[in-house]
Each structure stands twice: as structure tokens, then as C-alpha cells.
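Chain by chain, the residues run as shown.
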Amino acid sequence: MIEVLRAGALTTVQDLGRPGLAHLGVGRSGAVDRPSLRLANRLVGNDEGDAGLEVTFGGLSLTTTEPVIVALTGAPGAVKVNGRGRDMFAPLALAAGDVLELGMPSRGVRTYVAVRGGLAVESVLGSASTDLLSHLGPEPVRDGDRISVGEVHGDLPGVDVAPVRTLPDQVVLRVVLGPRDNWFTPDAVDDFRRGRFEATSSSDRIGVRLTGQPLTRRNADELPSEGMVEGAVQVPPDGQPVVFLADHPVTGGYPVIAVVHPADIALAAQLRPGQAVRFEVASLGR
Amino acid sequence: MREVLPAGHGGLLVECADLTDVMNLHRALEASRPAGVVDIVPAARTVLVTLSDGAPRAEVVAAIHAVDTRSLTETADRAEVVVPVTYDGGDLEDVAELTGIPVDEVVRRHAAADYVVAFTGFAPGFAYIAGGDPALHVPRRATPRTRVPAGSVSLAGEFTGIYPRVGPGGWQLIGRTDVVLWDLQRESPALLTPGTPVRFEAVTS
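Because the structure is predicted, anything quoted here is derived from the model rather than measured. (Residues numbered from 1 in each chain as written. Chains lettered and ligands numbered in written order. Predicted model: local features only at pLDDT ≥ 70, side-chain atom pairs only at ≥ 80, totals over all residues.)

Enquirer: Help me get a handle on the overall build of chain B, residues and values and all.
Expert: Looking only at helices and strands, chain B has four helices and 13 strands in total. For chain B, whose C-alpha radius of gyration is 18 Å, the value lies close to the compact-globule estimate of 17 Å for 205 residues. Overall, chain B is about 55 × 35 × 35 Å in size when its C-alpha atoms are taken along their principal axes. Across the 205 residues that make up chain B, the buried fraction comes to 43%. Long-range contacts, defined here as pairs at least 24 residues apart, represent 60% of the contacts in chain B between residues at least 6 apart. (Helix = DSSP H or I, 4+ residues; strand = E, 2+ residues; numbered from the N terminus. Rg over C-alpha atoms; globule rule 2.2 N^0.38 Å. Buried ≥ 20, exposed ≤ 12 C-beta atoms within 10 Å, placed from the backbone. Contact = placed C-beta atoms within 7 Å.)

Enquirer: Tell me what's going on with the interface of chain B and chain A, and back it up with residues and numbers.
Expert: In this assembly, 30 residues from chain B lie in contact with 26 residues from chain A. In terms of residue class, the side of chain B that touches chain A is built from 18 nonpolar, 10 polar and two charged. (Nonpolar A, V, L, I, M, F, W, Y, C, P; charged D, E, K, R; others polar.)

Enquirer: Pulling in residues and values, what's your account of the nonpolar core?
Expert: Residues Val70, Val259 and Ala268 of chain A together with Val47 and Val49 of chain B are the most contacted members of the largest nonpolar core, which totals 134 residues. At six residues, strand 7 (residues 123-130) of chain B tops the list of elements feeding residues into this core. Val47 of chain B has contacts with Val14, Cys16, Val22, Leu25, His26, Leu29, Ile40, Val41 and Pro42 of chain B, leaving out every residue within four places of it along the chain. (Core = buried A, V, L, I, M, F, W, Y, C linked by C-beta atoms within 7 Å.)

Enquirer: Go over the domain arrangement of chain A with me, naming the residues and quoting the values.
Expert: Residues and elements named next belong to chain A. Examined at the domain level, chain A breaks down into domain 1 (2-147) and domain 2 (171-281). The C-alpha centroid of domain 2 is placed 27 Å from the C-alpha centroid of domain 1. On the side of domain 2, 14 residues touch domain 1, which itself brings 20 residues to the contact. Tallying contributions element by element places helix 1 (residues 34-43) first for the side of domain 1 that touches domain 2, with three residues. Its residues placed into classes, the side of domain 1 that touches domain 2 shows eight nonpolar, seven polar and five charged. (Domains from an automatic or database assignment.)

Enquirer: Can you tell me about the confidence of the model for chain B, naming the residues and giving the values?
Expert: For chain B, mean pLDDT is 91; residues scoring 70 or higher make up 96% of the total. Taken together, the chains of this predicted complex give a pTM of 0.92 and an interface ipTM of 0.91. (pLDDT = per-residue confidence, 0-100.)

Enquirer: Hey, could you go over the environment of Ala199 of chain A for me, with residue numbers and the actual values?
Expert: All names here are of chain A. In this structure, Ala199 sits in strand 13 (residues 197-199). In sequence terms Ala199 and Val242 are 43 residues apart; their C-alpha atoms lie 9.3 Å from each other. Among residues more than four places away in sequence, those in contact with Ala199 are Val208, Leu210, Leu271, Arg272, Pro273, Gly274, Gln275 and Val277.

Enquirer: Describe the domain arrangement of chain B, naming the residues involved and giving the relevant values.
Expert: All names here are of chain B. Once the domains are mapped, chain B shows domain 1 (3-71) and domain 2 (81-202). Here the C-alpha centre of domain 2 lies 27 Å away from the C-alpha centre of domain 1. If you tally residues by element for the side of domain 1 that touches domain 2, the top one is helix 1 (residues 19-32), at five residues. Its residues placed into classes, the side of domain 1 that touches domain 2 shows five nonpolar, one polar and one charged.

Enquirer: Account for the sheet that holds strand 6 (residues 77-81) of chain A, naming residues and giving values.
Expert: Residue and element names in this part refer to chain A. Reading across the sheet, the six strands line up as 7-6-9-4-1-11 and stay open at both edges, with antiparallel pairing between neighbours. Each having just a single partner strand, strand 7 (84-86) and strand 11 (146-147) make up the two edges of the open sheet. Across three bridges, the pairing between strand 6 and strand 7 is antiparallel. Opposite Lys80, over in strand 7, you have Gly85 as the bridge partner. (Pairing = 2+ DSSP bridges.)

Enquirer: I'd love a proper account of helix 1 of chain A, names of residues and values included.
Expert: Residues and elements named next belong to chain A. With respect to burial, helix 1 is a largely interior element, seven of its 10 residues being buried. Among the residues of helix 1, Arg34, Ser36, Leu37, Arg38, Ala40, Asn41 and Leu43 are the ones counted as buried. Among the structural elements, strand 2 (10-14), strand 3 (52-56), strand 5 (68-74), strand 10 (110-115) and helix 3 (265-269) are those in contact with the buried residues of helix 1. Note on helix 1: the residue one or two positions beyond its end, Gly45, has a positive phi of about 75 degrees.

Enquirer: So what about the pairing of strand 6 of chain A? Which residues, and what values?
Expert: Bridge count for strand 6 of chain A against strand 9 (residues 99-105) of chain A is four bridges, and the pairing is antiparallel. Within strand 9 of chain A, the position partnered with Lys80 of chain A by the bridge is Glu101 of chain A.

Enquirer: Describe the sheet that holds strand 20 (residues 276-281) of chain A, naming the residues involved and giving the relevant values.
Expert: Residues and elements named next belong to chain A. Spatially, 12-19-16-17-14-13-20 is the arrangement adopted by the seven strands of the closed barrel, whose pairing is mixed. Taking the axes of each pair of neighbouring strands and ignoring which way they run, one obtains an average angle of 40 degrees across the sheet. As defined by bridge partners, strand 14 (residues 207-211) adjoins strand 17 (residues 242-244) across three bridges and the pair is classed as antiparallel. By the bridge assignment for strand 17, Gly207 is matched with Phe244. (Axes fitted to C-alpha atoms, helices over the stretch in contact; angles between N-to-C directions.)

Enquirer: How would you summarise the environment of Leu48 of chain B if you had to cite specific residues and measurements?
Expert: All names here are of chain B. One can find Leu48 in strand 4 (residues 46-51). Owing to 23 C-beta atoms within 10 Å, Leu48 belongs among the buried residues under this scheme. Separated by 43 residues in sequence, Leu48 and Leu5 have C-alpha atoms that sit 9.4 Å apart.

Enquirer: Could you give an account of the pairing of strand 10 (residues 159-162) of chain B, with specific residues and numbers?
Expert: Residues and elements named next belong to chain B. With burial as the criterion, each face of strand 10 is covered, one bearing Phe159 and Gly161 and the other bearing Thr160 and Ile162. Across four bridges, the pairing between strand 9 (residues 152-156) and strand 10 is antiparallel. Paired with Val153 across the bridge in strand 10 is Ile162. Here strand 9 folds back onto strand 10, and the loop between the two strands holds two residues, one of which, Gly157, carries a positive phi near 55 degrees.

Structure follows, in C-alpha cells:
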């Protein structure tokens, strides 16, 4: 059993979500930075899709009632066990009663904690993920919550530390234009391709809200609601784009100027408020 | 030929001629499920198809173009859902004013029509129910409500919707029902899924 002493600003249980249910109005949800959750699980010998913790801006501290092996990935921050500094991106053995603390990340936003055996949380529609838009899955983790650990079901990999790419200062997200780029003026498409945007503090698991040169539309027509994909760059009437993340709505009524490359979603998910971001238009082939 | 727009590496947005075409294409794709398709999301004028990593995109596009909805048979196979409604919604008077139809006639016409679920979205279990009397098409409220009670039966554009749970909303409220739209204990949590035939029945309170 894991006991959460302090949950920090926002900690949720996440796995790889609920794909394939959008026709019921249920979005995918799951870890917003899926590669980081997968890596954390691999480091402790779990299935990549086992449930772990997604910690937003650090501040988590937990203890355990039994010996466990954990791994932390994603946004790097100071990790301490019983007050002594330890490494992220590596399996970490905790004895019963040990206290693990995670500080504010120095880069990025979300840190993932995998526990060997996975978190044994009741699954809803095939996933243990908390969907904050649809209110599906467990409530966000609170101080004092006790979370069961699942059965160990794989061998520990023989690695000490996983090599990871440092989160960049200057984030460039590759995008494919469309499906509604033709709803914008040529100047707006140009501003989108060349301009510099900044992530704002109202970003959340639904999307990264950006601010920059407003992207103006050709006309004020109302777009009938249409299906939205993860990574969609939706532009509401104020012209300030939103990059949709895991908890995005299944359908939306504002035009999508472009969609972020699947491999760059994790970078978008780790954008900090105030951090600069650019878009690089690529073709579908790349 | 339908236009297929890119929605990133993992998505295809198919533009349809009208809502009927959307519903037909959705049914056909649900039945054929081309390899690599994850989600099929019908909406008002489009069907979004999402693909798994490495799915054969060109083949899925070809499969979409090859769908012949003329060969589809009627939806006789699906059970109709009857929704009992107490027509006492807060926007009933406004709907009467907007349409120029008296309140009791609005109610009579709403309960007389045959409906079918076109698509879902907005919230789990929320269905866009099409097929109502065209005279009852009304715009959304100018100012959305911050709190709409669960079970509210409402109108917007060409659709009727029922709020599965309490929350904000901008549709015109015409009544309420006790029918449970979303229940995780049910085998199929959503009562109304695309293609479900629906009828509304006036109950007197």
C-alpha cells in the first residue's frame, strides 16, 4: 500500500486511457505525456500501460507500508528519500516507512511515478485514468489517500538509468496544417507558421492555452461541431490557440488550424506557463 | 465524392453532404471497421476517423471513398427509446416566441415527431437527437446557463438534447425527464448512441 502524505497541486492516477469510446462522448484521457509514463513503467518491469501517478508541478510526498520499487520520469525535479537526494529515470527501492518527496520541477510540468506491480485502482470503461473534463475515473489524489499496489507481473529490466532527452527551452512543435486552415486569413496562417506563442497559466490536462498574435478568421461563420483529435490546435473567437491534450473534448465547435505531430504531444504537455513555443509545418509524410 | 481532410497524422476528417450522409457513413464504417481505425466520431456535417500508429492511411481513405451508403438498409434492428418528458422547461415561452408557435403546440409537435440519435459529444451520454419538426429549430440561448439540471430536455439548431448530468449549458430548456442517460453500472453506459431511434412522450405533472 502506498500512502500519499501530500498530493501537491494536482496528482492524478493515469494509465494510457480509454481509446475507442469517442462515439459515446468519452475521450481518451490517460497520461498527457504518454512516453514518460511508459518509460516509468518499463523501468520497474511493468506493462507500459499500467496505472501510475501524474504529478503536476511536484510537491508530492508519499510513504509505503511494504517494500516497493518505484521510478520517476517526465519533468525533472529534486527527488529525496528520507531527506537524501536520489535519481530520477531509474528504479528506486523503497523500504516500508521510507518517505519519497518530489520537489518543484526545474523544467516541464508533469512528473510520472510508476510503482512495480502498478497501482491497483478500480478501472472505469477499461482504464484507471482520471478524466478531469468528463469526470470519469478516480477523484484526483488527496492528502492521506492510500492506494493499493498490484501484483508484480514482469521481470525488472537490468537498467540502472534510462537515457532521456532533456526538455528543451525553445519548444518547436511539428504540425500538419488543417483540417480548417482555410478558415483563416493567409496572414493568420503565416503568423501561425512564423510567430512565437507563449503558454499561459490557464493550461491544464484539457489543453495548453497559448497567447500570441491573434489568428484572425476569414469570416465569422459558425462551424458545426466536429470531432477533435489529440494535438488539435483549436482557435476560439479570441484568436488565441489551444493545443488539445489527453482530456480534450470529443467534439468542438471552433476551427482547428493544424494538428501537432503525435511524437511532439509530450513536449506540448510539458510546456510551462510563460514558456515560448513555435510551430513548424511539416507534411504528412514526415 | 466525399472530401477527406487531414486531421494530423492520426486523423481523417470526412466532410459529408448533410446529416443523413453523416449517419449513413458512420453506420457503414462501424459495420466494416477498416483495419487501423480506433475511433469513428460522427458529428453534424463530418465524420472523424482516428487511426492507430502505423495504420495504413491510404487504405483507410480508399475504404472511406468506397463506402456506398445507398446499399444500407433501414435501421429496423435497433430498439426505440421512449423518453417521458414533463414539458415545463424554463425556455418554453422563449421557444414559443422564437418560433411563433404557442407553447402547447410546441409540446405537441415535439412529442409527435420520430427522432434518431445523430451523434454524441459534449459530455459522456449527451446525444444530439435529430429528426424533430423543422418549425422547432431555434438558436442557442444568447447567454448560457451556468447550471442546467440533469435530465433537462432542450433544443438547439436542428437537435434535441438531454443533459446527462448537472452542468453549464446554452441549449433552450423545454422540459425534463427521469430517464438516466449515463450509468456506468449498465453494460452500455450511454442510453443513446448514434443510430438509436427515439420518441418523446408528454407526461402531465
